[in-house]
Amino acid sequence: MKSASVTVMVTLALASCRPASDAPPPQITRAAPEDVAGYKAGQSVPIKAIVARVTGGAAWNHETDGGFAVFDAITFKITDPPELDGRELTVYFVPHRLPENAPLRTPGIRCTFRIDAQHLRPPEPNESREIHEGALEGLTVLSGDQG
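First, a word on what this report is: a plain description of the structure on this page. Residue positions within a chain follow its written sequence, with the count starting from 1. Given that this is a predicted model, residues contribute local features only at a pLDDT of at least 70 and side-chain atom pairs are listed and counted only at 80 or more, while totals for whole chains, interfaces and linings are drawn from all residues. Computation of side-chain values covers all heavy atoms of the structure but excludes hydrogens and water.

1. Re the environment of Ala-49
Secondary structure counts use DSSP, requiring at least four H or I residues in a row for a helix and at least two E residues in a row for a strand, with both numbered from the N terminus. Relative to the helices and strands, Ala-49 is located in strand 1 (residues 44-62). Distance from Ala-49 to Arg-110, taken between C-alpha atoms, is 5.8 Å for residues 61 residues apart in sequence. Every residue pair with non-hydrogen atoms within 4.5 Å of one another is taken to be in contact. Setting aside chain neighbours within four positions, we find Ala-49 in contact with Phe-76, Lys-77, Ile-78, Thr-79, Ile-109, Arg-110, Cys-111 and Phe-113.

What follows is the structure, encoded as structure tokens:
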């Protein structure tokens with residue numbers, strides 16, 4: 001009986017709601033979600049970047065069988081192309097695929113790679129996005145130079 005009275009109260013509350021005005025809702029115009037600095041989703045973008053920071057155990061994935069996976073993260077600060085200069089891009093790696101002494105784990109190290117433009121799009125509000133190592137093509141450390 002208690003749940004029935006709650007249902008009635010909710011129904012009455014919803015029935016009494018009226019729009020604040022008869023004006024149509026505001027229209028939100030945005031660039032196509034696949035457009036990023038002139039690049040389209042599916043287009044491979046050549047990137048030059050500096051390793052900004054490395055975070056061990058940055059993400060956990062709990063499996064349905066009770067197991068879990070741990071991922072380390074490398075945050076790159078993009079230096080080229082110019083239209084993306086300064087943007088940070090965090091990429092998750094399986095720790096054993098990138099040894100602790102790998103040059104790529106050194107902040108300040110310069111590198112190049114290619115990535116699909118869809119991964120460079122800023123996330124939508126309330127959107128969670130993880131970019132994993134497989135999204136990077138041709139990841140190369142530039143002769144051990146640090147920025």
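2. With respect to the nonpolar core
Among the nonpolar cores identified, the biggest contains 24 residues, and Ile-47, Phe-76, Leu-104, Phe-113, Ile-115 and Leu-120 are the most heavily contacted of them. Elements represented by at least two residues in this core include exactly strand 1, strand 2 (68-80), strand 3 (88-93) and strand 4 (109-116). Contact partners of Phe-113, with chain neighbours within four places excluded, come to Val-45, Pro-46, Ile-47, Ala-49, Phe-76, Leu-89, Leu-136, Glu-137, Gly-138 and Leu-139. For this analysis, a nonpolar core means a set of buried residues of the types Ala, Val, Leu, Ile, Met, Phe, Trp, Tyr and Cys, connected via side-chain atoms within 4.5 Å. With a 1.4 Å probe rolled over the protein chains alone, any residue whose accessible area is under 20% of its type maximum counts as buried; one over 50% counts as exposed, and the rest are partly exposed. By size, the runner-up hydrophobic cluster in this structure holds five residues, among which are Ala-59, Phe-71, Ala-73 and Val-94.

3. Considerations on the pairing of strand 1
Relative to strand 4, strand 1 is paired through seven bridges, and the arrangement is antiparallel. Across the sheet, residue Ile-47 finds its bridge partner in strand 4, namely Phe-113. Following DSSP output, two strands are said to pair if at least two bridges run between them. As paired elements, strand 1 and strand 2 share 11 bridges and run antiparallel to each other. Paired with Val-54 across the two strands is Ile-74, which belongs to strand 2.

4. What about the side chain of Asp-72?
Considering the arrangement of structural elements, one finds Asp-72 in strand 2. Think of a polar contact as two N or O atoms within 3.5 Å of one another; within protein, one of them needs to be a possible hydrogen donor and the other a possible acceptor, and neighboring residues in sequence only count if both atoms come from side chains. In terms of polar contacts, Asp-72 uses its side chain to reach the backbone amide nitrogen of Gly-57, at 2.8 Å. If we skip the residues at most four places from it in the chain, Asp-72 touches Thr-55, Gly-56, Gly-57, Ala-58, Val-91, Tyr-92, Phe-93, Pro-95, Glu-100 and Arg-105.

5. Here's the deal with the side chain of Arg-105
Relative to the assigned elements, Arg-105 resides in the loop between strand 3 and strand 4. For Arg-105, a relative accessible area of 11% gives the class buried. A polar atom in the side chain of Arg-105 sits 2.8 Å from the side chain of Asp-72. A polar atom in the side chain of Arg-105 sits 3.1 Å from the backbone oxygen of Pro-99. When near neighbours in sequence (up to four residues on either side) are disregarded, Arg-105 contacts Val-54, Asp-72, Pro-95, Leu-98, Pro-99 and Glu-100.

6. A look at the layout of surface pockets
Any residue with an atom within 4 Å of a point lines the site, the site being either a cavity, points on a 1 Å grid over the protein atoms alone where a 1.4 Å probe fits but cannot get out, or a pocket, an open set with protein on both sides within 12 Å along at least 5 of 7 lines. Grid points are joined across faces, edges and corners, and a volume is the space filled by probe spheres set on the points. Roughly 200 Å³ of volume is contained in the largest pocket. The residue inventory of the lining of the largest pocket, partitioned by class, reads six nonpolar, three polar and six charged. Here the nonpolar group is Ala, Val, Leu, Ile, Met, Phe, Trp, Tyr, Cys and Pro; Asp, Glu, Lys and Arg are the charged ones; every other residue, Gly included, is treated as polar.

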